[in-house]
Amino acid sequence: LVDVTITPNGTVCALDREGRIWWSRDGEKWDATRTARSLQAVGLATPGDDRFVVIGTLINDAPKNVVLVKHNASTQWHETELPVPPLSVAFFDANRGAIAAEEYVFTTDDGGKTWQEALRQEGRVFRGVTYDAGVLRAVGDNAAILRVTP
């Protein structure tokens, strides 16, 4: 497993490297869904009880760095391409989220449908993002912890 998160209603969700999402309400019975056949997955977020956001690299003929978003009721994944490999994803609420992706931090305010470049620092690799009391922070190389302002 490469990531784990808990939905607002308490469902535990885990992501494996092949892009399968496993979830359980009681920790005993687990169900799974697959994101994409050729996804090398690295991160998972659940910005609501009915939505999954998965980051990783599609490893087809031409590798593609992506954000995949799916509502439980849907069978389709919405795909957004990123210019570099994503490393971490976090959401503050159902709409506001962020992705650390090498020298970039991308943000969304529509639940992951669209992503905008919020920060870029050449020569630095951002490895994680988190929200602290509604403030987005990115962590990176050389002990950097930055407050990201849109």
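That block above? That's the structure.
Each value, and the rule that gives it
Numbering of residues starts from 1 in each chain and follows the order in which that chain's sequence is written. Residue-level local features of this predicted model are given only where pLDDT is at least 70; pairs of side-chain atoms are given and counted only at 80 or more, and the full residue set underlies all totals for whole chains, interfaces and linings. The side-chain quantities take in all heavy atoms of the structure and omit both hydrogens and water. Strands here mean DSSP runs of E at least two residues long; helices mean DSSP runs of H or I at least four residues long; both are numbered from the N terminus. Only protein chains enter the accessibility calculation, which uses a 1.4 Å probe; a residue is then buried when its area is under 20% of its type maximum, exposed when over 50%, and partly exposed in between. Asp and Glu count as negative and Lys and Arg as positive, but His and the ends of the chain are not part of the count. Throughout this description, the term salt bridge denotes a Lys or Arg side-chain nitrogen within 4 Å of a carboxyl oxygen of Asp or Glu. Note on contacts: a residue pair is in contact if any heavy atoms of the two residues lie within 4.5 Å. Working definition of a nonpolar core: buried Ala, Val, Leu, Ile, Met, Phe, Trp, Tyr and Cys residues. They are joined through side-chain atoms within 4.5 Å. Whether two strands pair depends on DSSP finding at least two bridges between them.

A. Representation of the side chain of lysine 70. As for its position among the elements, lysine 70 is in strand β7 (residues 64-71). The charged side chain of lysine 70 is buried without a salt bridge, its nearest counter-charge being aspartate 50 at 9.9 Å.

B. Geometry of the environment of alanine 100. With respect to the secondary-structure elements, alanine 100 resides in strand β10 (residues 97-101). Alanine 100 sits in the buried class, given a relative accessible area of 0%. Separated by 26 residues in the primary sequence, alanine 100 and phenylalanine 126 place their C-alpha atoms 5.4 Å from one another. In this view, alanine 100 contacts Pro86, Leu87, Ser88, Phe126, Arg127, Gly128 and Val129; residues no more than four positions away in its chain are not counted.

C. The arrangement of unusual backbone geometry in detail. Here the phi dihedral of glutamate 102 falls at roughly 55°; this positive angle occurs in a residue that is not glycine. Looking at the secondary structure, you find glutamate 102 in the loop between β10 and β11 (104-108). Its relative accessible area of 30% is what places glutamate 102 among the partly exposed residues. Of note, alanine 133 is a non-glycine position whose phi angle comes to about 55°, a positive value. Looking at the element boundaries, alanine 133 is found in the loop between β13 (126-132) and β14 (135-140).

D. Main features of the nonpolar core. The biggest cluster of nonpolar side chains holds 14 residues, and the ones touching the most others in it are Val53, Val67, Val89, Phe91, Ile99, Phe106 and Trp115. Elements with a contribution of two residues or more to this core: β6 (51-58), β7, β9 (88-91), β10 and β11. If sequence neighbours within four positions are ignored, valine 89 has contacts with Gly43, Leu44, Ala45, Val53, Ile55, Ala98, Ile99 and Val129. Judged by nonpolar contacts, the second largest core, of 13 residues, contains Leu15, Ala36, Leu44 and Val54.

E. Focus on the pairing of β9. The two faces of β9 match: Ser88 and Ala90 on one face and Val89 and Phe91 on the other face are all buried. Pairing analysis gives four bridges linking β9 to β10, with the strands arranged antiparallel. Counterpart to phenylalanine 91 in the pairing with β10 is glycine 97. Connecting the antiparallel pair β9 and β10 is a turn made up of five residues.

F. Structural detail: the pattern of salt bridges. Inspection of every chain in the model, using the stated rule, returns eight salt bridges. Notably, a salt bridge pairs arginine 20 with glutamate 18, separated by 3.5 Å at the nearest N-O pair. Residue arginine 20 is classed as partly exposed on the basis of its relative accessible area of 26%. The exposure class of glutamate 18 is partly exposed, given its relative accessible area of 39%. Across the pair lysine 29 and aspartate 31 runs a salt bridge, and its minimum N-O distance is 3.3 Å.

All we've got here are geometric facts, nothing functional implied.
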